[in-house]
Amino acid sequence: LSAAAPSKSKILDVSYPVVYANSAIIIPFPKEASRAWFGISSFQFSVWIAIVVTFIVTTVVSWILVRVNSSRLGVKAPTLGYWVVFYFGLWTSQGTTPRGSSIPFRIVCFVTIFGIYIAMNYFTASYTSILSTPVFKTAVNSIEDSAKSRTVKTLLIKGSSTDEHIMSSSDPTFKMLAYQMRRYPERRIVNALTVDDISTIVKDNTALVMIESNAESVIENSYKINHKCQVTLAEKTFFGRPQVFTYPKNSPIAKAIDYDLLLLHQAGLIQYAEKTAKSQNRCRVSDLANAQAQKIAPLGLKEMSGSLVIVALGMAISFFIFLVELIFAEMKKAFARK
């Protein structure tokens, strides 16, 4: 059972279409992306800008309101630095409580705490979801990506129906691939279906194009050999066409097989088999990511790396401020002596 290749029509006859199949792209199994800075992706960039602007505005407004109210009462008002620390404590839920008797100030605090409650709860939920879902960055996701990529080398099985279609097509994407094949003829290989482990061919920055059903079969075989996913399929398929039986030219059994295939189609048995057939690609990236997201598993170092980076930055900044305070204290003592 295979796709009909036009170049073989002179020596072979083909049967009535049995099933329809797509071409797929086998790529190296991607590594998980680093999660060190994934906390930033919990909000869009515009939201982070809005949060910073809100923080600055509420800090300045509170400082002005309390300063005006304190001047009327004849008491000393807290500095702007105090309000920066105060609202930073609110945003990071450190238990800071509003102080002061000014009603406008209390209104500002109330609406700020309400906004912080919504923003931080959404951030927590979004960040937790990001940490629990693995993120894989594949080399290519479609035949268009493969044609345009300057780093990924696309391989074709020489003489296959996909190879013949790409080499003779007028489609812009396929023309780009055909140009690459003519420029690098070694990329049209013939041994893809005869090797024991397809990962020996598809490695580093390479992508192999073949029928999806064949691709799933060689991926399964590679998994059994290596006991882990070395290769997988790109998410998008292309070039759907019928799979047929081939026989020698003018074969006497051709009409009988075509008649039986027609009966199977009319009875709906082939359509039923297509719907109930299960994919054998246990290395599909989307399935693995979804399965991992549904598991309740303890977070590892790679998931918590973002939090550790933030802690490290906080400690570095605090140490820097400590040094600045020491320098200013020494300068203050020096001026006092004079």
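No experiment lies behind these values; they were computed from the predicted model shown.

Colleague: Pulling in residues and values, what's your account of the state of the cysteines?
Modeller: Enumeration according to the criterion identifies 1 disulfide in this entry. Between the sulfur atoms of Cys 229 and its disulfide partner Cys 283 the distance amounts to 2.1 Å. Residues Cys 229 and Cys 283 share a disulfide whose torsion about the S-S bond is about -90°; that sign makes it left-handed. Within this pair, whereas Cys 229 is found in the loop between helix H7 (212–226) and strand S7 (231–233), its partner Cys 283 is found in the loop between helix H9 (269–276) and helix H10 (285–294), the two being separated by 54 residues in sequence. Classification of Cys 229 as buried rests on a relative accessible area of 18%.

Colleague: Account for the environment of Ile 225, naming residues and giving values.
Modeller: Within the element layout of this structure, Ile 225 appears in helix H7. Residue class for Ile 225 comes out partly exposed when judged on its relative accessible area of 40%. In this structure the C-alpha to C-alpha distance between Ile 225 and Asp 197, which are 28 residues apart in sequence, comes to 7.1 Å. Sequence-distant contacts of Ile 225, that is, excluding residues within four places in its chain, are made with Asp 196 and Asp 197.

Colleague: Explain the packing of aromatic side chains residue by residue, including any values.
Modeller: Aromatic rings in a pair are described by how distant their centres are and how their planes are angled relative to each other. A full pass over the atoms with the stated rule returns 1 aromatic pair. Between Phe 174 and Phe 238, the aromatic rings sit 5.8 Å apart at their centres with planes inclined by 50°, giving tilted as the arrangement. Of the two residues, Phe 174 is situated in helix H6 (residues 172–183) and Phe 238 in strand S8 (residues 238–244); the sequence distance between them amounts to 64 residues. For Phe 174, a relative accessible area of 10% puts it in the buried group.

What counts and what doesn't
Residues numbered from 1 in each chain as written. Predicted model: local features only at pLDDT ≥ 70, side-chain atom pairs only at ≥ 80, totals over all residues. Heavy atoms only, no water. Disulfide = S-S within 2.5 Å. Helix = DSSP H or I, 4+ residues; strand = E, 2+ residues; numbered from the N terminus. Buried < 20%, exposed > 50% of the residue type's maximum accessible area, 1.4 Å probe, protein only. Contact = heavy atoms within 4.5 Å. Phe/Tyr/Trp six-rings, centres within 6.5 Å; stacked < 30°, edge-to-face > 60°.

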